[in-house]
Amino acid sequence: MALADHLRELRNRVVKSVLAIVVFTAVAAVYHKQLTDLLLNPLPKCGTNGLTTDGQKCGVISTIGLLTPFTLALKVSLTAGVVAATPVWLYQLWAFVAPGLHKHERKYSVSFLAAGIPLFLAGAALAYLVLPATARMLISFAPTEAVPIMPAEDYLDVVTRMVLVFGGAFELPLLLVMLNFVGVLTGKRLLGWWRGMVMGITVFAAFATPSADPLSMLALAAPIWALYFVAVAIALVNDRRRARNNPDADLDDEEASHLDLSVEGVAAGEAVEASAAPEAPAPVPAARREQMDDIT
């Protein structure tokens, strides 16, 4: 395909993904109040004395401005639309890449697509489960005499960021497996990176979680650690399978492949009949010989 055709194909895939998100957003807009209540449930509820039932501080959700309720409903609906349309836009991404893959790579990509959807949704669900502890930790920093009043749009921004970050982080092990299956990374190399990967995942989890609560950080880091080692195990098994089919699969670019130096027998030659003797060439005339001597 020409470059213009690729751009046209990309445009069509993006339009289909956006349309799917718009449709799911429209459906979610009908139930935006129920979705908003679902997102606000993790916040500690305030009692009559301004504290929770177990004596901890609580937060009061507020909406400031005339357009804030509409903006709030739009954000909730859009977030729900993006999450609900995950199978559609992941499929469109795969459909754009699939024509450039070999048959066996296309088979693997379908499996990756099937695994990527539940991984993203699992990360989003984990973000919702971690949200109560995160909210309590952040509210605990408020002064003793102060009443935490939280704008609803700010709270939903934190929720949206956590859902997208947790869902995207769960795709990292799948990306490593994809790189191994296409031959970019080996399982041995991934295993050698385990210290740096564990440290990197921990640092990422510390920045991704909005609170300073170590439990929230570990709630994100621990599943990614486990998924990383699962990805390493899958890569090692795939490398072993590849080595059985191709003994040169684990060689570096600077290493020479194995050469077969065994000697094979040569088949007997075929008999060739002698052809008739060629005719003698005609003599060169004397005048021609003199011209050739002059030229010489």
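Above this text is the structure in question.
1. Concerning the pattern of salt bridges
Scanning the entire structure with this criterion turns up two salt bridges. Note that Arg13 and Glu9 form a salt bridge whose closest N and O atoms lie 2.8 Å from each other. Of the two residues, Arg13 and Glu9 both sit in helix 1 (residues 3-30), four residues apart, roughly one turn of that helix.

2. Describing helix 4 (residues 86-97)
For helix 4, spanning twelve residues, the distance from its first C-alpha to its last is 17 Å, which sits close to the expected 16 Å at 1.5 Å a residue. Buried residues of helix 4: Thr86, Leu90, Gln92, Trp94 and Ala95, and no others.

3. With respect to the packing of helix 3 (residues 68-84) against helix 6 (residues 152-169)
Remark: helix 3 packs on helix 6, axes separated minimally by 10 Å, with the N-to-C direction vectors making an angle of 10°. Put simply, helix 3 runs roughly parallel to helix 6. Along its contact with helix 3, which presents Thr68, Leu72, Lys75, Val76, Thr79 and Val83, the element helix 6 presents Ala152, Glu153, Leu156, Asp157, Thr160 and Val163. Across the contact of helix 3 with helix 6, the residue classes break down as six nonpolar, three polar and three charged.

4. Points about the nonpolar core
Formed by 36 residues in total, the largest nonpolar core has its most connected members in Phe166 and Leu220. With eight residues, the single largest contributor to this core is helix 6. In contact with Leu220, other than residues within four places in its own chain, are Leu126, Phe166, Ala169, Phe170, Phe204, Ala205, Ala208 and Thr209.

5. As for the packing of aromatic side chains
Counted according to the given criterion, the structure contains two aromatic pairs. Considering the side-chain rings of Trp89 and Phe120, the 6.0 Å spacing of their centres and the 90° angle between planes classify their relative orientation as edge-to-face. Taken together, the positions of Trp89 in helix 4 and Phe120 in helix 5 (residues 103-139) put the pair 31 residues apart, joining distant regions of the chain. The exposure class assigned to Trp89 is partly exposed, which follows from its relative accessible area of 26%. For Phe120, a relative accessible area of 6% corresponds to the buried category. Geometrically, the ring pair formed by Tyr228 and Phe229 is edge-to-face, given 5.2 Å between the ring centres and 65° between the ring planes.

6. Some thoughts on the environment of Val14
Locating Val14 in the fold gives a position in helix 1. The class for Val14 is partly exposed, based on a relative accessible area of 43%.

Conventions used here
- Residues numbered from 1 in each chain as written.
- Predicted model: local features only at pLDDT ≥ 70, side-chain atom pairs only at ≥ 80, totals over all residues.
- Heavy atoms only, no water.
- Salt bridge = Lys/Arg side-chain N within 4 Å of Asp/Glu carboxyl O.
- Helix = DSSP H or I, 4+ residues; strand = E, 2+ residues; numbered from the N terminus.
- Expected span 1.5 Å × (residues − 1).
- Buried < 20%, exposed > 50% of the residue type's maximum accessible area, 1.4 Å probe, protein only.
- Axes fitted to C-alpha atoms, helices over the stretch in contact; angles between N-to-C directions.
- Parallel < 35°, antiparallel > 145°, perpendicular 65-115°, else oblique.
- Contact = heavy atoms within 4.5 Å.
- Nonpolar A, V, L, I, M, F, W, Y, C, P; charged D, E, K, R; others polar.
- Core = buried A, V, L, I, M, F, W, Y, C linked by side-chain atoms within 4.5 Å.
- Phe/Tyr/Trp six-rings, centres within 6.5 Å; stacked < 30°, edge-to-face > 60°.

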